[in-house]
Structure formats: C-alpha cells, structure tokens
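As a plain string of letters, each chain reads:
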Amino acid sequence: MFPTPKPFLVPNTYAFEAEPMVKPTGFREYDARWLFGSELNLMGAQALGLGLGTLIHELGVRPELVTAHDYRSYSASIKQALVNGLMAAGIEVHDIGLAMTPMAYFAQFALDVPCVAMVTASHNENGWTGVKMGASRPLTFGPDEMGRLKEIVLTGAFQTRTGGGYRFVEGFRARYIDDLTSRPRLKRRVRAVCACGNGTAGAFAPEVLERLGVDVVPLDTELDYTFPRYNPNPEDLHMLHAMRDAVLETGADVGLGFDGDGDRCGVVDDTGAEIFADKVGVMLARDLAHEHPGARFVVDVKSTGLFATDPVLAAAGATTDYWKTGHSHMKRRVNETKALAGFEKSGHYFFNAPIGRGYDDGLVSAIAILDMLDRNPEKSLSDLERALPKTWGSPTMSPHCADEVKYAVAERVLARFEALQAAGAPVGGQPIASLVTVNGVRVTTEDGTWGLVRASSNKPELVVVVESPVSEARMREMFAAVDGVLRENAEVGAYNQTI
C-alpha cells in the first residue's frame with residue numbers, strides 16, 4: 001500500500017525522497033494549489049493521483065481521464081508523478097502534453113473522456129503548482145468532491161486497481177486551434193495586442209487570432225517560465241499597464257491579455273483604458289441580449305452592480321443571478337440554470353451553446369469580444385464602454401491572511417457587518433441597504449455603493465472589491481470603511497495592490 005502523506009517534510013533529506021508530503025491547506029474549495037517543494041513533493045503528487053483515481057471509482061464514472069500541464073519548469077514532472085498515481089488506481093490516462101487549461105476541457109469532449117486533471121498553478125506566482133479536476137464535463141470539482149479527495153489523500157484511504165494505462169495524444173494542439181477557428185473570419189479589420197506574460201497562452205493565442213483575421217501585435221508571447229516581466233495575470237495592474245502602453249504605441253483597437261493557463265482574458269480598450277472584466281461582461285451581456293432576447297446570465301459577487309441595474313439589459317428582458325466566486329461554482333451555476341453566459345470579475349467567462357461548451361476559455365472570451373466589435377462596426381470598444389452607466393470600481397485587492405485563519409476572519413467580518421446593520425449604524429457614512437452573504441459579505445449602502453470581503457479560494461489571502469455608482473470619493477469612502485473593519489483582525493496583512 002502507498003504511504004500515508006505527511007503534512008511537512010524537510011527538503012534534502014531521506015524522508016523527503018522516500019515519503020509523500022501533502023500540506024492539507026492545498027485542498028481548496030474547487031481545485032488544489034501548493035508551493036512545490038515546501039508544501040508538496042513528487043511523491044505527494046503521486047498520492048494525489050492515487051487519491052483522485054480512488055475518488056473517480058467511488059463516483060462510478062468511467063475510469064478515463066485527460067491530463068495536461070502548463071508551462072512551468074516543474075509542471076511536467078508533477079504531471080508524471082500524478083499520472084503514476086492515477087494508473088495505480090486503475091485509470092486510463094490520455095495525456096495531451098503542454099496545454100492551456102481550456103484545451104484540456106476541450107479534450108474531454110473531443111476525445112469523449114469523462115474526467116480531467118490539469119496540472120497548473122493558473123495565475124499564481126512561480127513556485128506554485130496545482131491541479132484543476134473534474135469528473136462530469138464541463139464541470140470541475142466543487143467543495144464536496146474536494147473535501148472527499150482531501151479525506152482520501154490525507155488518511156491514505158487509497159484503492160489500487162489493475163487496468164490503468166497511458167496514452168500520449170499526438171497533435172492535439174492543432175485540433176484545439178482548428179476547433180476555435182473553424183468559423184467565418186471577422187469582417188472588421190481589427191488590430192489587437194495579444195499579451196501572454198510569457199505564459200502558456202503564448203503558444204496558442206497569437207495563431208488563433210491571426211487565423212480569424214486579426215492584425216496581431218504580440219506582447220510577451222515567447223514562452224519563458226521565469227516570467228521575466230510580470231506574472232501573467234490580467235487582473236494585475238502590472239500586466240494591464242503593459243497592455244495599455246502597447247495599445248497606445250501601436251494604435252491597436254483592443255488589448256487582449258491571457259493568464260498563465262489561458263482560461264481568462266483581460267481587456268484594454270483603444271484609448272489605453274483598462275476595463276475590468278466585470279464591465280466587459282456587461283458590454284458582452286448587452287450585445288448577447290440583443291442577439292438572444294430574454295437571456296439569463298450569472299455573475300459572481302465581486303462583479304459590478306450594473307448587471308442588476310442596467311436599463312439596456314432590462315429592456316432586453318435579460319435576468320442576472322449573482323453567485324459564488326470561483327470557476328467551479330460559476331460553471332456549475334451556469335450549467336444548472338441553463339444561462340447563456342456567466343461572467344466573473346477575475347476574467348473567467350463561461351459561455352453555453354451556441355457560443356461555447358460551458359467551460360472557461362480565455363480564447364473563446366476573446367473571440368466573443370471580437371465578435372461584439374464585428375457587430376458594431378461603427379463603434380470603438382471605448383464607445384461601447386462609454387455607453388454604460390458610469391460607476392467607479394476598484395481592482396480586486398488581496399490583503400494577506402493565512403490559509404489556516406482566513407475563513408474564520410471572513411466570518412468575523414460578516415458578523416461585524418450584520419451587527420452594524422442590526423444597530424442601524426452607517427458604513428462609510430451611509431445606512432446599509434442590504435447584505436449579500438452567498439460568498440463572504442457584500443455590503444451595499446442606500447446610494448448603491450458596495451464593498452465585498454471574502455476569503456480567497458486559492459491563496460492565503462482575503463479578497464476586497466468596492467464600487468460606487470455615485471463618485472470616486474464614495475468608492476474610496478467604502479474602501480476605508482471596509483478596510484477599517486478588516487483592521488480589527490490582527491491576522492490581516494498588507495494588500496497586494498490598493499486604490
């Protein structure tokens with residue numbers, strides 16, 4: 001039997017090479033993330049594969065799985081260890097090699113394979129690794145499956161089986177690109193900055209856009225796992241500013257930026273303005289609601305309030321459901337409600353037919369944005385944005401908070417705002433109008449200004465977002481009020497970025 005994993009082992013020792021190490025906090029709400037070497041070793045990755053294979057059999061799913069890895073120096077070795085564990089559990093593995101995460105999701109459909117395990121740290125900094133998993137396409141694991149997987153792995157409740165196997169799928173990159181581009185080329189000539197932050201998307205995005213007729217301006221599209229300029233994360237201001245500069249230098253119509261594993265797309269308009277992904281979602285929802293009257297959308301609790309108040313969406317009969325942040329939560333909700341699309345402030349977009357297959361793909365999102373421009377040939381992207389009601393919103397801001405305490409801190413913050421509401425006390429100078437508690441707490445005051453606090457699902461951080469339909473000053477007042485509540489908790493550290 002395979003050894004039960006240890007929560008910590010000292011590197012460069014016999015034990016580190018002879019036993020599996022898996023830190024418990026690496027099992028997140030909807031995927032797994034660890035610092036490789038200090039929280040997970042290769043035998044730990046093997047234990048994860050054995051545990052995942054055990055769970056797949058428990059679920060009664062056909063024991064076949066697609067795997068792939070992102071472009072980091074250690075991802076291929078982690079994938080190989082994971083595959084060893086999966087095969088020991090009796091799983092037939094289809095390996096598509098180096099890939100973006102949505103390419104692995106596509107392979108589930110194209111190869112008719114029910115399960116997926118994508119080795120990726122997504123947008124996390126170098127040093128991190130992880131696995132995005134699913135056993136019911138197009139969905140990925142949620143808290144129930146992740147909780148059971150954690151239990152199996154940490155208690156060593158593995159079930160080895162015969163019947164495992166391995167197949168490398170040659171040429172799958174071309175098959176994925178062909179699927180995205182087997183459609184009419186764009187009518188409108190568009191120049192687009194294609195920013196990849198030297199991450200995995202650089203091997204795919206420029207070719208896809210060029211084949212659709214886009215005049216591509218490449219920005220950091222060469223693969224380099226040291227990420228020499230900035231971490232590939234289109235929610236990070238460093239990447240957005242680089243995209244802005246490239247758009248202004250080249251006179252591009254749009255800047256499209258992809259994260260480390262290619263399932264998200266960030267946007268800069270023709271004036272160099274960074275449009276946060278939730279506002280882009282409103283623009284897309286307007287465009288799609290015109291094409292599909294009565295459309296239903298799902299957005300996460302970090303997203304702008306415009307989805308609920310925009311008069312254009314209301315006139316088209318569109319309805320919007322605010323839901324839990326996280327790619328698995330959102331995918332599941334979009335699937336359950338049969339929504340046309342789901343939009344997350346982080347840039348994960350989920351399109352159902354006829355646009356997509358329900359999973360998040362940064363290239364499908366980019367194509368939807370280009371199609372929106374194609375349907376509005378007389379308007380620039382900045383024109384479409386200016387047509388939205390004005391709001392002042394923050395980027396996603398993340399103060400450090402240890403994994404072991406972040407959920408408890410988020411609960412205390414929720415309780416504090418509930419107490420303020422019960423006492424009739426103002427927040428940022430305004431009475432509380434409502435609290436949304438589906439995921440952390442989103443406190444909205446009577447003038448529509450709101451602030452969100454929730455625990456990050458994939459890093460030792462909290463998540464803070466604020467927005468006001470009134471003024472920038474009101475947005476800043478809400479941030480000061482929310483931050484004041486956070487600072488009542490000594491466990492809350494410095495922000496990664498602030499307004």
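First, a word on what this report is: a plain description of the structure on this page.

Parameters and conventions
- Along each chain, residues carry numbers from 1 onward, in the same order as the chain's sequence is written.
- Confidence filtering applies because this is a predicted model: local features only for residues at pLDDT of at least 70, side-chain atom pairs given and counted only at 80 or more, and all residues used for totals across whole chains, interfaces and linings.
- With hydrogens and water stripped out, all remaining heavy atoms of the structure feed into the side-chain values.
- Interaxial angles span 0 to 180 degrees and are taken between N-to-C directions of axes, which are lines fitted to C-alpha atoms, for helices over the stretch in contact.
- Where helices and strands are cited, they refer to DSSP runs of H or I of at least four residues and of E of at least two residues respectively, numbered from the N terminus.
- Oblique is the label for any angle not under 35 degrees, not over 145, and not in the 65 to 115 range, which are roughly parallel, roughly antiparallel and roughly perpendicular in turn.
- A clockwise turn of the near helix away from the far one marks a right-handed crossing, whereas an anticlockwise turn of less than a right angle marks a left-handed crossing.
- Whether two residues are in contact is decided by their heavy atoms, any of which lying within 4.5 Å being enough.
- Residue polarity follows a fixed list, in which Ala, Val, Leu, Ile, Met, Phe, Trp, Tyr, Cys and Pro are nonpolar, Asp, Glu, Lys and Arg are charged, and the others, Gly among them, are polar.
- Only rings of Phe, Tyr and Trp enter the pairing, Trp through its six-membered ring, and a pair is recorded when the two centres are within 6.5 Å. The plane angle decides the type: under 30 degrees is stacked, over 60 is edge-to-face, the rest tilted.
- Burial classification: accessible surface area is computed with a 1.4 Å probe over protein chains only, and a residue below 20% of its type maximum counts as buried, one above 50% as exposed, and the rest as partly exposed.
- Consider the ring centre and the ring normal. A charge sits over the ring if Lys NZ or Arg CZ is within 6 Å of that centre and within 35 degrees of that normal.
- For two strands to pair, DSSP has to find at least two bridges joining them.
- For the purposes of these results, a polar contact is taken to be a pair of N or O atoms within 3.5 Å, where, inside protein, one atom must be able to donate a hydrogen and its partner to accept one; residues adjacent in sequence count only when each atom of the pair is a side-chain atom.

This part takes up the packing of helix α2 (residues 42–59) against helix α5 (residues 143–155). The angle between the axes and the distance between the axes are what describe a pair of packed helices. Contact pair α2 / α5: the axes reach a minimum separation of 9 Å and the direction vectors enclose 125°. Compared by their axis directions, α2 and α5 come out oblique. Relative to α5, the crossing made by α2 is right-handed. Touching Ala-47, Leu-48, Gly-51, Leu-52, Thr-54, Leu-55 and Glu-58 of α2 are Glu-145, Arg-148, Leu-149, Ile-152 and Val-153, all from α5. Classifying every residue of the contact of α2 with α5 by side-chain character gives 7 nonpolar, 2 polar and 3 charged.

Let us now look at the packing of aromatic side chains. Describing an aromatic ring pair means giving the distance of the ring centres and the angle of the ring planes. Within the structure shown, the criterion is met by 15 aromatic pairs. Measuring from centroid to centroid gives 6.2 Å for Tyr-176 and Phe-204, while their planes differ by 75°, and the two rings are edge-to-face. Highlighted residues: Tyr-176 in helix α6 (residues 172–181) and Phe-204 in the loop between β7 (191–195) and α7 (205–211), separated in sequence by 28 residues. The class for Phe-204 is buried, based on a relative accessible area of 1%. Taken together, Phe-297, Phe-307, Phe-343, Tyr-349 and Phe-351 form an aromatic cluster joined through their ring pairs. Positioned over the ring face of Phe-109 is Arg-137, at 5.6 Å from the centre of the ring. Positioned above the aromatic ring of Trp-450, the side-chain terminus of Arg-442 is 3.6 Å from the ring centre.

Across the sheet, 5 strands lie side by side as β16-β20-β19-β18-β17; this open sheet has antiparallel pairing. Looking at the sheet topology across the chains shown, the edges are occupied by β16 (392–393) and β17 (432–436). Bridging between β17 and strand β18 (residues 441–445) involves 4 bridges; their strand directions are antiparallel. Each bridged residue has a counterpart across the sheet, and for Val-436 the counterpart in β18 is Arg-442.

This paragraph deals with the side chain of Gln-108. Secondary-structure assignment places Gln-108 in helix α4 (residues 101–110). At a separation of 3.0 Å, a polar atom in the side chain of Gln-108 contacts the main-chain carbonyl oxygen of Pro-114. Leaving out residues up to four positions away in the same chain, Gln-108 has contacts with Val-66, Val-113, Pro-114, Cys-115, Val-116 and Arg-137.

Before going further, it helps to spend a moment on the sheet that holds strand β15 (residues 349–351). A sheet is described by the order of its strands in space; here 4 strands give the open sequence β13-β12-β14-β15, paired in mixed fashion. The sheet terminates laterally at β13 (319–323) and β15, the two strands that pair on one side only. Recorded for the sheet is a direction-independent mean angle of 15° between the axes of neighbouring strands. Both strand β14 (residues 341–343) and β15 contribute to a ladder of 3 bridges, which runs antiparallel.

Across the 5 residues that make up β18, a large majority, 5, are buried. Of the two faces of β18, the one carrying Val-441, Val-443 and Thr-445 and the one carrying Arg-442 and Thr-444 are both buried. In sequence, β17 turns back onto β18 through a hairpin of 4 residues, with Gly-440 there showing a positive phi of about 75°. Where β18 and strand β19 (residues 450–455) come together, 4 bridges link them in antiparallel fashion.

Here we take up the pairing of strand β5 (residues 128–134). For β5, the buried fraction is high: 7 of the 7 residues fall into the buried class. The side-chain alternation of β5 yields two buried faces, one formed by Trp-128, Gly-130, Lys-132 and Gly-134 and the other by Thr-129, Val-131 and Met-133. Bridge count between strand β1 (residues 32–35) and β5: 4 bridges; the pairing is antiparallel. The partner of Arg-33 across the bridge, within β5, is Gly-130.

Glancing now at the side chain of Thr-200. Mapping Thr-200 onto the fold places it in the loop between β7 and α7. Here Thr-200 falls in the buried class, since its relative accessible area comes to 1%. Contact partners of Thr-200, with chain neighbours within four places excluded, come to Asp-70, Tyr-71, Leu-98, Ala-99, Met-100, Leu-223 and Gly-260.

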